[in-house]
Amino acid sequence: MTLNRDIDTHVPSLLSTPPLTAPPPGHADRPLSILRMRERPESDTAVGNVGPERQTVSVVIPTLNEEKNIRWVLERIPPIVDEVVLVDGHSSDRTVEVARAVRPDIVVVTQNCRGKGDAARVAFAAATGDLIVMIDADGSMDPAEIHCFVTPLLNGYDFVKGSRFLAGGGSTDLTPLRRTGNQMLVRLTNSLFLVHFTDLCYGFCSFRRDCLPALALTAHGFEIETELVVHALKANLRIAEVPSTELPRRCGTSNLHTFRDGQRVLRTLIRERVVRRPRPVVDPIDHRVLHRWQPLTTEPAGPALSEVTSS
C-alpha cells in the first residue's frame, strides 16, 4: 500500500485551487479536489507557507464468493484511491487469490463472524485512510462513481450516501418488489427522523474516518446500510445524498433475501427511533475463526512462578 502517491498524476489542475466550502444545493458536479489546506499556526508565519495536506482514501469491499466479479471491480478503482481493504467472509472460491493477483497491494482481512454488517465493521476498523468509501463486490456499483462520494467529504460533509432516485441516478436491477419495499422504508425513515431521503437500502456510501466512533455500528447483516444512515443522523453528522446508478450483479446470485432482510431493516428503524443508547455488540464467532484462535502449544507463555520468585 502506498499512501504518498504523486498528487500531480491525479489532479494537476487543482494544485492551485483553494479548498471549497460546503457546496450549495445543485452544485454536486464541481471538480474533484483531493487537497485540504491545513490551518497555519501563528508560529508558521515566520517559517513560510504551509503546503497542502492530502486526504487519503480507503475503499472497503465486503466479499463472499465473488471470484467472478471482484476483478471487474478492482480494475476500475480510480487512482484517487490509496488503499483497498477486502474483507472476506470465508469464501469457498478463489475470491482472495483473484483479488491479490489483480491488486498486489490490497489489504485482505477475514471477518470473525458472518454477514455484511460484521464484514463492514471489520473493514472500517482495518482502513487507514482519512476518507472511507464502501462499495459492493458484485459489480452492481460502478467504482468510477467513487469521486462523487469523496468530493462532498472534502467540502464540509461528514457522511455521504448514494441514491438511485436522485436526478442522475437510477437502477437496472431493482425488481418491483424491492422498489416498493425500499420506498416504504424510505417514507418510514423520513417520518420517524424528520428528514427527506430519497433512498435507504443502498450500500454505496462514504464517511470521514474520524466519524467512525460516532457511528457506533453494531449490525451483523444487510441492515448495516440502514444503521449507518440512522446513526449518522443521531450523531448529528452533516449528510449528503449523491446520485448513483445501480447495475445488475455481473455473475452469481445475491446473498440478499428480500423479506428476511427487509424485516431486519424495519426492526432496526423502530429500535433506533425508540432506543437512545447504542446496543451492545454480541458477535457470534465463526467456528473456523475460533479454531484458528486456539493456541498452538500448551506450554506457558512466560517463566513459571517458582522461577520468578527464586530469582
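All of these numbers come straight from a predicted model, not from anything done at the bench.

Here's the deal with the environment of M184
Inference 1: Inspection of the secondary structure assignment puts M184 in helix α5 (residues 176-193).
Inference 2: Separated by 82 residues in the primary sequence, M184 and L266 place their C-alpha atoms 9.9 Å from one another.

As for the pattern of salt bridges
Inference 1: Going through the model one piece at a time under the given rule, you end up with 17 salt bridges.
Inference 2: Ionic pairing is found between D82 and R54, a salt bridge with its closest N-O pair at 2.7 Å. You can see D82 sitting in the loop between α1 (70-75) and β4 (83-88) and its partner R54 sitting in strand β2 (residues 53-54), a full 28 residues away along the chain.
Inference 3: The exposure class assigned to R54 is buried, which follows from its relative accessible area of 14%.
Inference 4: In this structure, the salt-bridge partner of R271 is E272, at a minimum N-O distance of 3.3 Å.
Inference 5: Here R271 falls in the partly exposed class, since its relative accessible area comes to 22%.
Inference 6: The exposure class assigned to E272 is buried, which follows from its relative accessible area of 8%.
Inference 7: Ionic contacts of the salt-bridge type, sharing partners, join the residues R164, R178, D199 and E246 into one network.

Details of the pairing of strand β5 (residues 107-110)
Inference 1: As paired strands, β4 and β5 are joined by four bridges and run parallel to one another. Looking at the pairing, V85 lines up with V107 of β5.
Inference 2: Traced from β4 through helix α2 (residues 95-102) to β5, the parallel crossover comes out right-handed.

Here's the deal with the confidence of the model for the chain
Inference 1: Taken as a whole, the chain shows an average pLDDT of 80; of its residues, 73% reach a score of 70 or greater.
Inference 2: Confidence drops under pLDDT 50 across residues 1-48; counting only partners more than four residues distant or on other chains, this segment forms 72 contacts.
Inference 3: Counted against residues more than four places away or in other chains, residues 305-311, with its pLDDT under 50, gives one contact.

Describing the pairing of strand β6 (residues 131-134)
Inference 1: The alternating pattern of β6 places L131 and V133 on one face and I132 and M134 on the opposite face, and all of these are buried.
Inference 2: Here four bridges tie strand β3 (residues 57-63) to β6, and the two strands are oriented parallel to one another. Pairing of V59 across the sheet is with V133, part of β6.
Inference 3: By the bridge criterion, four bridges tie β6 to strand β9 (residues 205-208) in an arrangement that is antiparallel. Each residue of the ladder has a partner; that of V133, found in β9, is S206.

Here we look at the packing of aromatic side chains
Inference 1: Applying the stated criterion across every chain, the model contains three aromatic pairs.
Inference 2: For the pair F124 and F207, a centre-to-centre distance of 5.0 Å together with 90° between the ring planes defines the contact as edge-to-face. Linking F124 in helix α3 (residues 116-126) with F207 in strand β9, this pair joins segments that are 83 residues apart in sequence. Exposure class is identical for F124 and F207. Each is buried.
Inference 3: An angle of 10° between the planes, with centres 6.4 Å apart, marks the rings of F159 and F207 as stacked. Taken together, the residues F159 in strand β7 (residues 159-163) and F207 in strand β9 connect sequence positions 48 residues apart.
Inference 4: One aromatic cluster is present, built from ring pairs that chain together F124, F159 and F207.
Inference 5: Directly above the ring of F197 sits K161, whose terminal nitrogen or CZ lies 4.8 Å from the centroid.

Brief notes about the side chain of K116
Inference 1: Position of K116 relative to the elements: it lies in helix α3.
Inference 2: Within the local environment of K116, its side chain forms a polar contact with the side chain of E225, the two groups lying 2.7 Å apart.
Inference 3: Setting aside chain neighbours within four positions, we find K116 in contact with D136, G203, H220, G221, F222, I224 and E225.

Things to note about a nonpolar patch on the surface
Inference 1: The grouping of L266, I270, V274 and V275 at the surface amounts to a nonpolar patch, some 340 Å² of accessible area in total.
Inference 2: With respect to the helices and strands, L266 occurs in helix α8 (residues 258-274).
Inference 3: Take L266: its relative accessible area is 36%, and that puts it in the partly exposed class.

Examining the sheet that holds β9
Inference 1: Ordered by their spatial adjacency, seven strands build an open sheet running β5-β4-β3-β6-β9-β7-β10, and the pairing between neighbours is mixed. What marks the edges here is a single partner per strand, and that holds for β5 and β10 (239-243). When strand polarity is set aside, the average angle formed by the axes of neighbouring strands in this sheet is 20°.
Inference 2: As defined by bridge partners, β7 adjoins β10 across five bridges and the pair is classed as parallel. For F159, the partnering residue across the bridge sits in β10 and is I239.
Inference 3: The sheet contacts of α2 involve β3, β4 and β5, and relative to β4 the element is tilted by about 170°.
Inference 4: Docked against the sheet, α3 engages β3, β4, β5, β6 and β9, running at close to 145° with respect to β4.

The rules behind these values
Residue positions are given per chain, counting from 1 as you read along its sequence in written order. Local features in this predicted model are restricted to residues of pLDDT 70 or higher, and side-chain atom pairs are both shown and tallied only at a pLDDT of 80 or more, whereas totals for entire chains, interfaces and linings draw on every residue. Excluded from the side-chain calculation are hydrogens and water; included are all heavy atoms of the structure. Here a strand is any run of E in DSSP of at least two residues, a helix any run of H or I of at least four, and the numbering for each starts at the N terminus. In what follows, salt bridge is the name for a side-chain nitrogen of Lys or Arg lying within 4 Å of a carboxyl oxygen of Asp or Glu. When a residue's accessible area, from a 1.4 Å probe over protein chains only, is under 20% of the maximum for its type it is buried; when over 50% it is exposed; and in between it is partly exposed. Strand pairing requires that DSSP identify at least two bridges connecting the strands. Here the term right-handed applies to a crossover when the path leading from its first strand over the helix to its second strand runs clockwise, the strands being oriented away from the viewer. A residue's pLDDT is the confidence the predictor assigns to it, expressed on a 0 to 100 scale. Pairs of residues are marked as contacts when any of their non-hydrogen atoms sit within 4.5 Å. Pairing of aromatic side chains requires ring centres within 6.5 Å, counting the rings of Phe and Tyr and the six-membered ring of Trp. Pairs whose planes differ by under 30 degrees are stacked, by over 60 edge-to-face, and all others tilted. Definition used: whenever NZ (Lys) or CZ (Arg) falls within 6 Å of the ring centre and also within 35 degrees of the ring normal, the charge is taken to sit over that ring. Polar contact is the term for a pair of N or O atoms within 3.5 Å; when the atoms are in protein, one must be able to donate a hydrogen and the other to accept it, and sequence-neighboring residues count only if both atoms are side-chain atoms. Like charges are joined within 9 Å and nonpolar side chains (Val, Leu, Ile, Met, Phe, Trp, Tyr) within 5 Å, but only among residues with over 30% relative accessible area and no salt bridge; these make up the patches. Each accessible area is a Shrake-Rupley estimate made with a 1.4 Å probe; only the visible protein chains count as cover when residues are assessed. Helix axes are fitted to C-alpha atoms over the stretch in contact, other axes to C-alpha atoms as well, and angles between N-to-C directions run from 0 to 180 degrees.

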